[in-house]
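This is what each chain is made of:
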Number of protein chains: 2
Amino acid sequence: MAKAVNIILVGFGKVGRSFLRNAHEKKDFIRKRYGLDLRFLSIFEIGGTLFSARSLDESLFLDISASDFPSSPFWRSGLELEDVLEKFQPGVLVECTPSNIKTGEPGLSHLLQALERGWNVSVANKGPLVFAFNELKHLAQKNRVALKFSGATAAALPTLDVGLYSLAGAEILRIEGILNGTTNYILTRMEEGIGYGDALREAQERGIAEADSRLDVEGWDTASKILLISNAVLEKGFVLSDVRVEGITDLPSGLALQVRKEGKSLKLLGKAFQEEGEFRIEVALSVINSSHPLFGVRGTNKGVTFFTDTMADITVTGGKSDPKGAAASLLKDIINIYRERAS
Amino acid sequence: MAKAVNIILVGFGKVGRSFLRNAHEKKDFIRKRYGLDLRFLSIFEIGGTLFSARSLDESLFLDISASDFPSSPFWRSGLELEDVLEKFQPGVLVECTPSNIKTGEPGLSHLLQALERGWNVSVANKGPLVFAFNELKHLAQKNRVALKFSGATAAALPTLDVGLYSLAGAEILRIEGILNGTTNYILTRMEEGIGYGDALREAQERGIAEADSRLDVEGWDTASKILLISNAVLEKGFVLSDVRVEGITDLPSGLALQVRKEGKSLKLLGKAFQEEGEFRIEVALSVINSSHPLFGVRGTNKGVTFFTDTMADITVTGGKSDPKGAAASLLKDIINIYRERAS
């Protein structure tokens, strides 16, 4: 007998849509392998929600976009998230609205409302976590629910799983990560002799970089991710202003090429390290040599290394880094929430 | 209030001793961070056990070896494992006796006795798992206890965690792993121009290879590990005779050097892959090129790549591969057993 898992999805952009499709395509597999029966109660977008008191048939919404919602017979323009959260047995709120690291909104309000009402959270949106990590964490602990955010810390690359689960009992001494695909792609191309401007344009043309890529190239995306990883696995309460942030925009032309000629590699690393007995975090353009475990992480690939006391260093690389990868991570977190609460 | 975790340790060789020391040194950290209070009830060796009804002060045994046990005031030569298992509230049996993949013993009997009596198991010894995986797994499921064996599948390298936890919800299409440090070291040295015999001798002199290294160089250690990983993450019931096994003993001199000159690398890979819709497993000497995620795994380093449907490929490398690494993995599994059963 499978256990019913109530899901409320908020945000139907690329990640939200990928999540719905993935959950739909994996329904039988999830039921068989993990004993979970995923039930979509509601899909929120700006102005209202798709809703059915008996759970939605998600297959109806695989090929439509948020702009089609108001013409659906399931559309309820007056219904608020709080109403749905209160009406049903708590399950998981899946948050996929756009990330805003300056205000955390609109995701922050959604997360607070869910956690306060005893719902678990699986979130792909970095904004609320970067803006209010401590508040959200304490609220989750107080209400004994899970706050999972694998999808917000490098999509399918399992940064948090390795740090929290695989390294249980070890003490983490240092973390270094290549956490942003756009900047790593640009640096790889620059090592191959392409100038910064051309490499950035190429990344944009190939759909790797956003049209507005400032958060990437100025280091803020990496800063957000190393902040979240550090807060989770080191149990710190860092805020964004604690991070020394360096980007790649001031990179002298020729430096990358020179580094490559010396058999080394230029990476934008998110780092957590100890200085005078205290952990600090920073984003720094770094020259690493071929013995560094992240040396081979090139192009849009990502990776993170945890340096520990009893397990030495453990590195994880790869993982789909597009909306589908983030969606797969959201699903993974849901499965692991119920696995950890199963027995 | 920390939760008491009763531990029975069986086998006081290198791994068992490292485990005791690690658990001792980490006691406060484990209590604070995970809310667990590790209590050693008994330490079994050939002929008897160290035992105290009020739990042992493990610090008394950090600097002695199994041969000193009979002169300890805590030594009970008549006490059997079954007696201790039955006398106490079930906790975790930590199994560290020498591995025998042909009979599974003596570990197999210990595991069966523990699982039958509702004890969880954390085991570093491959023997019983290779010999009787299905029986042990079913017994653990029947009695609703955990059978964890991270320490038996490449020490601190988190092969099982990534496959089972980080890839939850994804389907694994293929697995490839460099799972044996001795053979990878020899192959790396051969790529640098050293002959097989000299490289093997060097590995033995440096303490990397055992005096009897046949299980390593003939591929059986790799076969055992890919068998256990596949049985765990693919939920298969492979036995050792299902594995096509190739070693590195027949490697033509000069081949490794030639491969290296072509910018490629020679690896002994444990593989699980699909052939005509069925999974098969094998150990094969393989030429991989520089784009393969395991290309940079050289020397005694290890790594595994999972190729999946929704998360692309995810690779984990590194991790201490000596008895201390295995001991750290045993501790990790204990923590995760209680974490998964906590709420």
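In what follows, the structure referred to is the one given above.
The paragraphs below set out a description of the structure included in this document. Only a predicted model underlies this, so the values are computations on that prediction, with no experimental measurement involved. (Residues numbered from 1 in each chain as written. Chains lettered and ligands numbered in written order. Predicted model: local features only at pLDDT ≥ 70, side-chain atom pairs only at ≥ 80, totals over all residues. Heavy atoms only, no water.)

1. Quick look at the pairing of strand S3 (residues 48-56) of chain B
Two faces, one strand: in a regular strand the side chains alternate between the faces of the sheet.
Residue and element names in this part refer to chain B.
Here is step 1: As paired strands, strand S2 (residues 36-45) and S3 are joined by 5 bridges and run antiparallel to one another. For Phe44, the partnering residue across the bridge sits in S3 and is Thr49.
Here is step 2: Hairpin connection between S2 and S3: a loop of 2 residues separates the two successive antiparallel strands, and Gly47 in this loop has a positive phi of roughly 95 degrees.
Here is step 3: For S3 and strand S4 (residues 75-76), the ladder comprises 2 bridges, and the chain directions are antiparallel. Bridging across to S4, Leu50 finds its partner in Trp75. (Pairing = 2+ DSSP bridges. Helix = DSSP H or I, 4+ residues; strand = E, 2+ residues; numbered from the N terminus.)

2. Points about the pairing of strand S13 (residues 313-318) of chain B
Here is step 1: Most of S13(B) is tucked away: 5 of the 6 residues are buried.
Here is step 2: Two strands pair when backbone bridges link them, and strand S13 (residues 313-318) of chain A and S13(B) are joined in this way by 5 bridges, in the antiparallel orientation. Bridging from a neighbouring strand, A:Val316 pairs with B:Val316 of S13(B).
Here is step 3: Both strand S12 (residues 303-308) of chain B and S13(B) contribute to a ladder of 5 bridges, which runs antiparallel. Following the sheet pairing, B:Phe307 is matched in S13(B) by B:Asp313.
Here is step 4: Between the antiparallel neighbours S12(B) and S13(B) lie 4 residues, among them B:Ala312 with a positive phi of about 60 degrees. (Buried < 20%, exposed > 50% of the residue type's maximum accessible area, 1.4 Å probe, protein only.)

3. Side note on the interface of chain A and chain B
Here is step 1: Taken together, the contact pairs 46 residues of chain A with 46 residues of chain B.
Here is step 2: Considering only the surface of chain A that becomes buried against chain B, A:Arg33, A:Tyr165 and A:Glu340 emerge as the three largest contributors, covering 19% of it.
Here is step 3: If you look at where chain A meets chain B, you find 4 salt bridges.
Here is step 4: The partner of A:Arg33 in a salt bridge is B:Glu235, and the shortest N-O contact between them spans 3.5 Å. (Contact = heavy atoms within 4.5 Å. Buried area = accessible area lost by both parts, 1.4 Å probe. Salt bridge = Lys/Arg side-chain N within 4 Å of Asp/Glu carboxyl O.)

4. Here we look at the relation of the copies chain A and chain B
Two copies of one chain are present, and they are related through a rotation about an axis combined with an axial shift.
Here is step 1: Note on the copies: chain A fits chain B at an RMSD of 0.0 Å, the axial shift is 0.0 Å, and the rotation between them is 180 degrees. Both chain copies can therefore be described as sitting about a two-fold axis.
Here is step 2: Comparing contact sets, 100% of the residues at the interface of chain A also lie at the interface in chain B, consistent with an isologous, same-surface contact. (Least-squares fit on C-alpha atoms with pLDDT ≥ 70 in both.)

5. What to know about helix H1 (residues 14-25) of chain B
All names here are of chain B.
Here is step 1: Between its terminal C-alpha atoms H1 stretches 16 Å, which fits the 16 Å expected from 12 residues at 1.5 Å a residue.
Here is step 2: Buried within H1 we find Val15, Gly16, Ser18, Phe19, Leu20, Asn22 and Ala23.
Here is step 3: For H1, the elements touching its buried residues are strand S1 (3-10), helix H2 (27-34), S2, strand S5 (92-95) and helix H12 (323-340). (Expected span 1.5 Å × (residues − 1).)

6. Some remarks on the packing of helix H6 (residues 159-166) of chain A against helix H6 (residues 159-166) of chain B
Helix packing for two helices is described by the angle between their axes and how far apart those axes are.
Here is step 1: Closest axis-to-axis distance for the H6(A)/H6(B) pair is 10 Å, and the angle between their directions is 125 degrees. Overall, the two elements H6(A) and H6(B) adopt an arrangement that is oblique. Pair H6(A) / H6(B) crosses with right-handed handedness. Of H6(B), the residues touching H6(A) (which contributes A:Asp161, A:Val162, A:Tyr165 and A:Ser166) are B:Asp161, B:Val162, B:Tyr165 and B:Ser166.
Here is step 2: Residues that form the contact of H6(A) with H6(B) fall into these classes: 4 nonpolar, 2 polar and 2 charged. (Axes fitted to C-alpha atoms, helices over the stretch in contact; angles between N-to-C directions. Parallel < 35°, antiparallel > 145°, perpendicular 65-115°, else oblique. Left-handed = near helix turned anticlockwise from the far one by under 90°. Nonpolar A, V, L, I, M, F, W, Y, C, P; charged D, E, K, R; others polar.)

7. Comments concerning the packing of H1(B) against H12(B)
Residue and element names in this part refer to chain B.
Here is step 1: Close contact between H1 and H12 brings their axes to 8 Å; oriented N to C, the two are set at 55 degrees. Overall, the two elements H1 and H12 adopt an arrangement that is oblique. The interaxial crossing formed by H1 with H12 has right-handed handedness. Across the interface between the two elements, Lys14, Val15, Ser18, Phe19 and Asn22 of H1 pack against Pro323, Lys324, Ala326, Ala327, Ala328, Leu330, Leu331 and Ile334 of H12.
Here is step 2: Partitioning the contact of H1 with H12 into residue classes produces 9 nonpolar, 2 polar and 2 charged.

8. Brief notes about the nonpolar core
Here is step 1: With 156 residues, the main nonpolar core has A:Ile8, A:Phe149, A:Ile175, B:Ile8, B:Phe149 and B:Ile175 as its most contacted residues.
Here is step 2: Other than its neighbours up to four places away in sequence, B:Phe149 contacts B:Val123, B:Leu129, B:Phe133, B:Leu160, B:Leu228, B:Ala232 and B:Asp333.
Here is step 3: Core analysis: the next-biggest nonpolar cluster, separate from the first, contains 37 residues, B:Phe29, B:Ile30, B:Tyr34 and B:Phe61 among them. (Core = buried A, V, L, I, M, F, W, Y, C linked by side-chain atoms within 4.5 Å.)

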